[in-house]
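# A look at the structure
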Amino acid sequence: VLSPCLQSKPLASVLKDICDVWSLPNAERYALQYADGRQTYITESNRGEIKNGSILWLTTSPDQEAEGLYSGIQSNNLDVKSDSLKRLASLSQDVTFAQEFINRNGLKQIFSIVEEGNDTGEILAHTLKAFMELMEHDFVSWETLSAAFIKKVIVSYVNMNSMDASVQRLSLSILENMVPSSRLLFELVRKEVTLDRLLTHLQVTNTQLQLKAMALLIALLLAATDAERRNIIHSSEPLGDEMAHYLYVLQSISLNLHERRMRTPMDPYSQEQRELLQSLRQTAFESESETPTSNFSTERRRSLCAKEFRKLGFNNSNPAQDLYRAPPGLLALDNMVYFSRHTPNAYSRFVLENSSREDKHECPFARSSIQLTLILCEILHVGEPCSETAQAFYPMFFGQDHFFEELFCICIQLVNKTWKEMRATQEDFDKVLQVVREQITRTLSLKPTSLELFKTRVNVLNYSEILKLRQTERLHQEETLAVPVLELRERLKPELLELIRQQRLLRLCEGTLFRKISSRRRQDKLWYCRLSPNHKVLHYGDVEEGVHSPPIESLPEKIPVADMKALLVGKECPHTKEKSSGKQNKDVLELAFSIVYDVEEYCLNFIAPTRYEFCLWTDGLNMLLGKEMTSERTQTDLDVLLSMELKLRLLDLENISIPDTPPPVPKPPSNLNFCYDFSHAEQ
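Residues numbered from 1 in each chain as written. Predicted model: local features only at pLDDT ≥ 70, side-chain atom pairs only at ≥ 80, totals over all residues. Heavy atoms only, no water.

Quick note on the threshold: UniProt positions are given in the numbering used here, feature names are shortened, and annotations may be inferred rather than shown by experiment.
The protein chain goes by Engulfment and cell motility 3 in an unreviewed UniProt entry, where it is assigned to Apteryx owenii. What UniProt records for the protein chain under Function (unreviewed entry) is the sentence "Involved in cytoskeletal rearrangements required for phagocytosis of apoptotic cells and cell motility. Acts in association with DOCK1 and CRK. Was initially proposed to be required in complex with DOCK1 to activate Rac Rho small GTPases. May enhance the guanine nucleotide exchange factor (GEF) activity of DOCK1."

Structure follows, in structure tokens:
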């Protein structure tokens, strides 16, 4: 044992002193064994100093040790074999020794020990430990493992209930390292190690065994495709409550790793945090700038930076002040930086697109990111303790290394998309984020199995779809979709449709002012058309500018309703088939309709002044032709009238639950020989 005075001497000097005293041969053939278990082999390049513990003894060089242990692990003496394997597991951490042992075909001997299956307990644990340490150096590919070795590890060690916990833990660790190394090995492990088997390991009290089982599950999920991931998660049908709970706990613990950053406000004196803020500005603007800011004065540069931070959507002149609120704290900054670095094109497009809008219509990136981070933390329960009974987990969580950040990248682009759909201004900020929260929660409730599927579904769920869903839910809450109420709606429809028909005919009787469009698309002439009060003749004729409702007698042209043959709309109309500019032609197509009349099939062509007038006239003309009203306005008017009529009729039933089926009618009495005598005064 070396005295403390030797602890700081150069290694080469210490070895020379030892060799001189003990008359040992060349020092390069030996190694130092420390009291704390560390070991250092002596090489030409090793010129360190002895620190942190005393040397207990000198050992032989790596090649001699490898030779000795290679023989020792083949011994028939179990004590010698166990000691050799234990020492092999310890020495295999050293890369020099590991290479020497592998060069002697030592791994083949380890495979034999495992495959023969005669050893258990400590000997087997030391063997697996040594194998793991040797494989860590990447001298040998995992694909070289024999099928017999893998089967033994899986079937005899992992899938057996009565196996020693240390052996199972090491076996699970071996499988965890095998899975990402080869597609073939992944398929083999996925097939042999079921979710039920991993669940069994998760139920034990051994924390290390639980950890290795969960690590193998994560490795399988990360290496799998989307379809395979679904099969792994749902391989037990139905998914057991315990497994669902364990997956929930894993998800909750992983998400709670963000809690520290979420609860930490920004420190304006932190150089690292200030650099992260500056990186947001530089990524968005400096690449677009032709003049480097280093050429500007300090005051000019500060003014430019403040202006660019305002374009990024920060509320305060000092952007750090926006991140003082915790939660979301620094987590919001982390998300913004992740978005800018991993999807730089989407980040630049978001910022520059909104920088070019009017101030009141721009979607503030930073403010939106901070609020969105808070929303995601609330939805995913970041920072909340795990429930003892909850089973709600998201399958897509287990397929991502950076789930929270990737989810943010999708949702921040959703914010910009929804902002444009709502044509929002700064005053609508809270409304937009409420809609985004609803889009996210509704999509998550569908349990998408991957982030790509989540992205597809959440983008389909646009603002108009959200409005429709809200309307449907409101109707459900008002019980207007109960079976008896639906029956009442059907009974009311004919009456209300007749009311709409009368309104359409009245509108045609009032008439409408139309413009004539020549072949050159010059809208310089006006004409008027109206239906006679007896609904038998259409009167029309040219009118002067300023005449809004000419009397029917002043309209010289007539078309008897009986002569009308058909109604044409859009592209079917003869006056829309002429060539014209795309946008103008599209506008005309949406408002064009024609009446085909007389035996010769002449056409009277119309261009409605508005879409509303188009709907009223096409509905009215279809009625005159004995057809159904088909415009979108008919359904809108019917829905409004039905809603109003139902509310009036159900007014007395407010807060009373309406059953889906009518109550049973009581049986009639056995006879009707009864009456009430009103002649007697009540006592």
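From this point on, the discussion continues.
## Here's the deal with the layout of surface pockets
Quick reminder of the rule: A pocket here means an open set of points on a 1 Å grid, computed over the protein atoms alone, that has protein on both sides within 12 Å along at least five of seven lines. A cavity is instead a set of points where a 1.4 Å probe fits but cannot get out; residues with an atom within 4 Å of a point line either one. Grid points are joined across faces, edges and corners, and a volume is the space filled by probe spheres set on the points. We count a stretch as a helix when DSSP gives it H or I for four or more residues in a row; a strand needs E for two or more, and each element gets its number in order from the N terminus. Note that Gly is not counted as nonpolar here; it falls among the polar residues with everything else outside the nonpolar set of Ala, Val, Leu, Ile, Met, Phe, Trp, Tyr, Cys and Pro and the charged set of Asp, Glu, Lys and Arg.
Estimates place the volume of the largest pocket at around 390 Å³. For the largest pocket, the lining is made up of 17 residues, of which Arg274, Gln278, Phe309, Asn318 and Pro319 are closest to its centre. Contributing elements (two or more residues each) for the lining of the largest pocket: helix H15 (271–286) and helix H16 (298–311). Among the elements that make up the lining of the largest pocket, the one with the highest residue count is H16 (six residues). Partitioned by chemical class, the residues of the lining of the largest pocket number eight nonpolar, five polar and four charged.

## Quick word on the sheet that holds strand S10 (residues 602–607)
Note the following rule: Pairing between two strands is assigned when DSSP locates at least 2 bridges connecting them. Every angle, taken between N-to-C directions, lies between 0 and 180 degrees, and every axis is a line fitted to C-alpha atoms, over only the stretch in contact when it is a helix.
The strand order S8-S9-S10 describes an open sheet built from three strands, whose pairing is antiparallel. Since the sheet does not close on itself, it has two edges, and those belong to strand S8 (564–569) and S10, each with one partner. Geometrically, the sheet is characterised by an average inter-axis angle of 20° between neighbouring strands, direction not taken into account. Here five bridges tie S8 to strand S9 (residues 592–597), and the two strands are oriented antiparallel to one another. When the bridges of S9 are listed, Leu567 appears paired with Ile595.

## A closer look at helix H27 (residues 632–649)
Note the following rule: Helices are assigned an expected span. That span is 1.5 Å times one less than the residue count. Only protein chains enter the accessibility calculation, which uses a 1.4 Å probe; a residue whose area is less than 20% of its type maximum is buried, one above 50% is exposed, and one in between is partly exposed. Directions drawn from the helix axis to the C-beta atoms are what define this arc. Should any heavy atoms of two residues lie within 4.5 Å, those residues are counted as being in contact.
For H27, spanning 18 residues, the distance from its first C-alpha to its last is 26 Å, which sits close to the expected 26 Å at 1.5 Å a residue. Within H27, burial applies to Thr634, Asp637, Leu638, Leu642 and Leu646. Down the axis of H27, the buried set is contained in an arc of 155°. They therefore lie on one face. Elements that come into contact with the buried residues of H27 comprise helix H24 (483–510) and helix H26 (611–624).

## Here's the deal with a positive patch on the surface
Cut-off, in case you're wondering: Patch members must show over 30% relative accessible area and no salt bridge, and they are joined within 9 Å when carrying like charges or within 5 Å when they are nonpolar side chains of Val, Leu, Ile, Met, Phe, Trp or Tyr. Surface exposure here means Shrake-Rupley accessible area, sampled with a 1.4 Å probe, where a residue is shielded only by the protein chains that are shown. One speaks of a salt bridge when a side-chain nitrogen belonging to Lys or Arg is within 4 Å of a carboxyl oxygen belonging to Asp or Glu. For this count, His and the chain ends are skipped, Lys and Arg are scored as positive, and Asp and Glu as negative. Charge positions come from single atoms, namely NZ of Lys, CZ of Arg, CG of Asp or CD of Glu.
Together, Arg300, Lys307, Arg310 and Lys311 give the surface a local cluster of positive charge. Among the structural elements, Arg300 can be located in helix H16.

## What to know about the sheet that holds strand S6 (residues 537–543)
Strand order in the open sheet formed by four strands is S4-S5-S6-S7, and the pairing between neighbours is antiparallel. Edge positions in the sheet fall to strand S4 (512–516) and strand S7 (557–560), since each of these pairs with one other strand and no more. If you compare each strand with its neighbour and ignore which way they point, the axes differ by 25° on average. With five bridges joining them, S4 and strand S5 (residues 525–531) adopt antiparallel strand pairing. By the bridge assignment, Lys516 is partnered in S5 with Lys525. Of the strands in this sheet, S4 and S5 are in contact with H24, which crosses S5 at around 135°.

## As for the nonpolar core
Stated formally: Take the buried residues of types Ala, Val, Leu, Ile, Met, Phe, Trp, Tyr and Cys, join any two whose side-chain atoms come within 4.5 Å, and each joined set is a nonpolar core.
Ranked by internal contacts, the top residues of the largest apolar core, which has 126 residues, are Phe131, Leu312 and Ile440. Looking at which element gives the most residues to this core, the answer is helix H20 (residues 403–421), with eleven residues. Not counting chain neighbours up to four residues away, the residues in contact with Ile440 comprise Leu372, Leu376, Ile379, Cys411, Leu414, Phe454 and Val458.

## Structural notes on the packing of helix H9 (residues 183–192) against helix H11 (residues 207–223)
What counts, and what does not: When an angle is under 35 degrees it counts as roughly parallel; over 145 it counts as roughly antiparallel; between 65 and 115 it counts as roughly perpendicular; any other value is oblique. A clockwise turn of the near helix away from the far one marks a right-handed crossing, whereas an anticlockwise turn of less than a right angle marks a left-handed crossing.
Two elements in contact, H9 and H11, have axes separated by 11 Å at closest approach and are oriented at 125°. In this view, H9 runs oblique relative to H11, as classed from their interaxial angle. Of the two possible hands of crossing, H9 and H11 adopt the one that is left-handed. Within the contact between the two elements, H9 uses Arg183, Phe186, Val189 and Arg190 and H11 uses Leu216, Leu220 and Ala223.

## What to know about empty space enclosed by the protein
Using the criterion set out here, one finds one cavity of 30 Å³ or more in the structure. Along its surface, the largest cavity is lined by Arg310, Lys311, Leu312, Gly313, Phe350, Val351, Asn354, Ser355, Glu362, Cys363, Pro364 and Phe365. Element by element, the count of residues in the lining of the largest cavity is highest for helix H18 (residues 344–355), at four residues.

## Side note on the pattern of salt bridges
Taken as a whole, this structure holds 26 salt bridges when the rule is applied. Between Glu187 and Arg183 there is a salt bridge, with the nearest N and O atoms lying 3.2 Å from each other. Here Glu187 pairs with Arg183, and both are found in helix H9, just four residues apart, close to one helical turn. Look at Glu187 and you get partly exposed, because its relative accessible area is 27%. The shortest N-O distance in the salt bridge between Glu421 and Lys417 comes to 2.7 Å.

## Quick word on the state of the cysteines
So the rule is basically this: The disulfide definition used here is simple: a pair of cysteine sulfur atoms within 2.5 Å.
For the coordinates displayed, the defined rule picks out zero disulfides. For Cys409, which is in no disulfide, the shortest distance to another cysteine sulfur is to Cys411 and amounts to 9.5 Å.

## Some details on the pairing of S5
For S5, the tally of buried residues reaches six of seven residues, placing the bulk of the element in the interior. Looking at chain direction, S5 and S6 are connected through six bridges and run antiparallel. Residue pairing for S6: Leu526 is matched across the bridge by Val543. In this antiparallel pair of consecutive strands, S5 and S6, the connection spans five residues, and His535 shows a positive phi of 65°.

## Describing helix H4 (residues 95–103)
Spacing of three or four residues puts side chains on the same side of an α-helix, whose turn is 3.6 residues. Defined as follows: In protein, a polar contact requires one atom able to donate a hydrogen and another able to accept it; more generally it is a pair of N or O atoms within 3.5 Å, and residues adjacent in sequence count only if both atoms are side-chain atoms.
All of the buried residues along H4 are Phe97, Ala98, Phe101 and Ile102. Down the axis, H4 shows its buried residues gathered within 130° of arc, on one side only. The backbone nitrogen of Thr96 has a side-chain oxygen 3.0 Å away, supplied by the residue at the start of H4, namely Asp94. After H4 finishes, the residue Asn105 shows a positive phi value of roughly 65°.

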